[in-house]
Each structure stands twice: as C-alpha cells, then as structure tokens.
Amino acid sequence: MNNDLSNIKKAIKYLNNDQCVAIPTETVYGLAANAYSDKATSKIYKLKKRPKKNPLIVHYYNLDKLNKDCEFDKQFLKLYSKFCPGPITFILKLKKTSNISKNVTNKNQTLAVRFPNHKLTRRLLKFLKYPLAAPSANISKGISAISRSDVLDEFGKKIKFILDGGPSKKGLESTIVSLVGKQKILRLGSLEKNKIEKFLIKNKDDNKNKIIVPGQGKIHYSPGIPIRLNIEKPKKSEAYLVISKKKITNKNYFYLSKSKNLNEVAKNLYKTLRIVKKMSYKSISVETIPNKGIGETINDRLMRASKKK
Ligand code: AMP
Ligand code: MG
C-alpha cells in the first residue's frame, strides 16, 4: 500500500512538470499528461507519433471535476450512474470556460471523457488538480499496451515513469458513445454494445452535429504482419490463434482461451499478438470468433489489425 502511495507521488511529480506518465486502466494502459497543459499534451503526440488531428480521451475522477470542462444532462447522468467508473467514453459538449488544451480537442467543441476503473489511477486522479489526457500507450496504429512491459516495449527509455498496476483486466479499449447530436456508439469496446444500446435515445438525429471518431482508420491495432481471419486449417508456418481446446496441438498454436470464454479471449488478444510478433512469425491466422457480446469488439479489432498498409 505504502509502495502504491510512493509511486503515485512519483507520478504526480512528473505530471506536475508537464511530463508524460503511463497509467494502468481496466481497458489498456494510457499515456497520460496534464490535459490543461499545451506543453504536456504535445508530448503525447510526439511520443506516440500520433497525427495532430486525432483528439485525446480525457480521464476524470468524478463529476465534480468534470463539471469544470463539460456540459452534461440527465441522460449522461443515467449512463454515468450505470457504467462509471468503467470502460465507457462519452463525447460531450465542451464548456467555453474550460481550460482543456486545444491539442486535446483538435479545436473541436466536443470532448471525449472517461472515468477509468482502476484503483491506482483513481487515487492518482483524485489527488491531481487537473484531468489526464491519455490515449492508449502505444505507437500510433499499433497494438495497445496492457502491461508495464508492453509500455516499455513501445517507448523504452523515452517514457519517464510507468505506474505499474498489473495487467489490464479487460484488455481492449473503451466503448465510445456520442451524446452530442444523435446518440450512438462510435467505437466498439470493452463494454458490450447490447449493454449500452438500450439506454441510448433514438431518433434524436441532428445532422449539424454529426460526430465521427478520427483516428479509427482502416488500419489500427496492427502487429505489423498479415492476419487471416476465420481460419480452420492454418498453414504450418503461421501462428494460429485458437479459442477452444484442440485434440492435436501444434507448436504454432496459441490459446486465447481453452473454453471459448470471450472475456478471456479479449484479455489475451493483444498479449498474444505481441508474443507471436516477437517469435518472428511472418503471418497469423485466427479461428472464427463468435460475433456476439464482446466477440463483436474482438472481431472489430482483428479486422482493423488485418488490413494491409
Ligand atoms: P486512443 O487514442 O486509443 O485512446 O483512442 C481514442 C479515440 O477517441 C480516438 O479514436 C479518437 O479519435 C477518439 N476521440 C477523442 N476525442 C474525440 C472527440 N471529441 N470526438 C470523437 N472522437 C474522439
Ligand atoms: Mg489507441
């Protein structure tokens, strides 16, 4: 516990000095910086090699802190009380009086906000006088980091401090929901679509406020080698990712789960892609993953990861 506190204090020191720090969340690790500081947030873009036009998700401790930066209504409060803290990101209207850095929003009048559910990061956010802008802690377009060692793989000594909170429980990014204009899911994520959809208000279409998610390009979450999906007969030379126990297991077989447990598949996906890449396989094939619940998000990520550059 004391160790946790001293690490949180270290993180605060770096953050107060406009440095980036990696933080654990239940979805994936974030590359965090003071969201009110132009200097700090520009470092996120530089480290990640992220295009400037791609805005950042800002992480808050609670509604009190959010109130300084965003407008919100009853509908948001309903979703907040159901799902937060948790793996959901909301697009809200930015207040004119907000101090959020222009780097974060790409000068839009909307802000992506999230309340991560991780003990250490929540303690950190509670102490800070500013929210944390934190995209996934990986080089742009690559695989998200879900542990301290993944973050080191991505940034090495370029990152000043990693707050180690163990492996991320979910292993896939947050679900993004827009509450500006037409309410809808903009990116599938760790919170299953069917759990949120029933709470969204339909037919409130407002085309003037059409929101898109920049940076959700065709190729994303990529291990940098080709991936083939829905494969029953893999080639011997490729890594084969499977989700259920096989009678015969070859050495190129990698289990995401042994019992078709899709939460387990989600948690193991990025880790396994990294392992396979490190073993110098030149291609990957994946067994069919049922397209239901979190399986929809897993398939979304695999599809983007499998796109050619
Ligand atoms: P990541 O960089 O992995 O944390 O993913 C964050 C995603 O949130 C990116 O695809 C961003 O484009 C998206 N995002 C951030 N802010 C906004 C916003 N104001 N409107 C729409 N999408 C956003
Ligand atoms: Mg990302």
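Just so it is clear, the model here is predicted, and its values are computed rather than measured. Think of each chain on its own: its residues are numbered from 1, step by step along the sequence as written. Chain A is the first chain written and ligand 1 is the first ligand written, with later ones labelled in order. Per-residue local features of the predicted model are confined to residues with pLDDT of at least 70, and side-chain atom pairs are confined, for both listing and counting, to 80 or more; whole-chain, interface and lining totals are unaffected and use all residues. As a convention, hydrogens and water are excluded, and side-chain values are obtained from all of the structure's heavy atoms.

Engineer: Any chance you could explain the sheet that holds strand S13 (residues 253–255) here in plain terms?
Structural biologist: Note: strands within a sheet are paired through backbone hydrogen bonds, in either parallel or antiparallel orientation. Strand pairing requires that DSSP identify at least two bridges connecting the strands. Each helix corresponds to a stretch of at least 4 residues labelled H or I by DSSP, and each strand to a stretch of at least 2 residues labelled E; elements are numbered beginning at the N terminus. The strand order across the open sheet built from four strands is S11-S14-S12-S13, with neighbouring strands paired in parallel fashion. Both outer strands of the open sheet, strand S11 (227–228) and S13, are each paired with one neighbouring strand and no more. Summarising the sheet, strand S12 (residues 239–242) and strand S14 (residues 284–286) pair through three bridges and their orientation is parallel. Across the sheet, residue leucine 241 finds its bridge partner in S14, namely valine 286. Of the strands in this sheet, S11, S12, S13 and S14 are in contact with helix H9 (residues 262–278), which crosses S12 at around 165°. By the convention used here, residues are in contact when the closest approach between their heavy atoms is within 4.5 Å. Axes, fitted as lines to C-alpha atoms, cover a helix only where it is in contact. Angles between the N-to-C directions of the axes lie from 0 to 180 degrees.

Engineer: Just checking my understanding: could you explain the site of ligand 1 for this structure?
Structural biologist: It suffices for a single heavy atom of a residue to lie within 4 Å of a molecule or strand for the residue to be listed as near it. Close to ligand 1 lie 17 residues; Arg50, Asn54, Ser136, Arg187 and Pro214 are nearest. Polar contact criterion, stated in full: a pair of N or O atoms within 3.5 Å, where within protein one must be able to donate a hydrogen and the other to accept it, and residues adjacent in sequence count only if both atoms are side-chain atoms. Threonine 110 is positioned such that a nitrogen or oxygen atom in its side chain is 3.1 Å from a nitrogen atom of ligand 1. Within the side chain of serine 136, one N or O atom sits 3.0 Å away from an oxygen atom of ligand 1. Each accessible area is a Shrake-Rupley estimate made with a 1.4 Å probe; only the visible protein chains count as cover when residues are assessed. In the complex, the protein chains occlude 96% of the 500 Å² of accessible area that ligand 1 would expose alone.

Engineer: Would you mind showing me how to read the pattern of salt bridges here?
Structural biologist: Side chains carrying opposite charge are able to pair once their charged atoms draw close together. The working definition used for a salt bridge is a side-chain nitrogen of Lys or Arg within 4 Å of a carboxyl oxygen of Asp or Glu. In the structure shown here, the tally under the stated rule is 11 salt bridges. Its salt-bridge partner being glutamate 192, residue lysine 195 comes within 3.4 Å of it at the nearest N-O pair. To sort residues, take the accessible area from a 1.4 Å probe on protein chains only and compare it with the maximum for the residue type: under 20% means buried, over 50% means exposed, and anything in between is partly exposed. Among the residues examined, lysine 195 registers a relative accessible area of 39% and is labelled partly exposed. When its relative accessible area of 14% is taken as the criterion, glutamate 192 is described as buried. Across the salt bridge formed by lysine 246 and glutamate 287, the nearest N and O atoms sit 2.9 Å from each other. One end of the pair, lysine 246, is in the loop between S12 and S13; the other, glutamate 287, is in the loop between S14 and helix H10 (294–306), with 41 residues separating them in the sequence. Glutamate 287 sits in the buried class, given a relative accessible area of 9%. The network of salt bridges with common partners includes Glu173, Asp300, Arg301 and Arg304.

Engineer: I'm lost on the packing of aromatic side chains in this one. Help?
Structural biologist: Working definition: an aromatic ring pair is given by the centre-to-centre distance plus the angle between the planes. Centres within 6.5 Å make a pair out of two Phe, Tyr or Trp rings, where for Trp the six-membered ring is used; the pair is then stacked when the planes are under 30 degrees apart, edge-to-face when over 60, and tilted otherwise. If you walk through the whole model with that rule in mind, you get 10 aromatic pairs. Centre to centre, the rings of tyrosine 80 and phenylalanine 115 are 4.8 Å apart; their planes meet at 80°, and the pair counts as edge-to-face. With a gap of 35 residues between them, tyrosine 80 in helix H4 (residues 74–83) and phenylalanine 115 in the loop between strand S6 (110–114) and helix H6 (119–127) connect regions that are remote in the sequence. Accessibility assignment for this pair places tyrosine 80 and phenylalanine 115 in one class, buried. Here lysine 258 stacks its cationic end above the ring of tyrosine 255, 4.8 Å away from the centre of that ring. Only lysine NZ and arginine CZ atoms are considered, and such an atom sits over a ring when it is within 6 Å of the ring centre and within 35 degrees of the ring normal.

Engineer: Hey, could you run me through the packing of helix H1 (residues 2–16) against H6 in this one?
Structural biologist: Relative placement of two packed helices is described by the angle separating their axes and the distance separating the axes. The N-to-C vectors of H1 and H6 enclose an angle of 50°; their axes lie 10 Å apart at closest approach. Here H1 is positioned oblique relative to H6, judged by the angle of their axes. In terms of crossing hand, the pair formed by H1 and H6 is right-handed. On H6, the residues that touch Asp4, Leu5, Ile8, Ala11, Ile12 and Leu15 of H1 are Leu120, Arg123, Leu124 and Phe127. Angles are sorted into four bins: roughly parallel if under 35 degrees, roughly antiparallel if over 145, roughly perpendicular if 65 to 115, and oblique for all others. Whether a crossing is left-handed or right-handed is set by the direction in which the near helix is turned from the far one by less than a right angle, anticlockwise for left-handed and clockwise for right-handed.

Engineer: Mind showing me how you'd approach the side chain of serine 283 here?
Structural biologist: Among the secondary structure elements, serine 283 is positioned in the loop between H9 and S14. A polar atom in the side chain of serine 283 sits 3.3 Å from the side chain of glutamate 238. Setting aside residues no more than four positions away along its own chain, serine 283 makes contact with Ile225, Pro226, Glu238 and Ala239.

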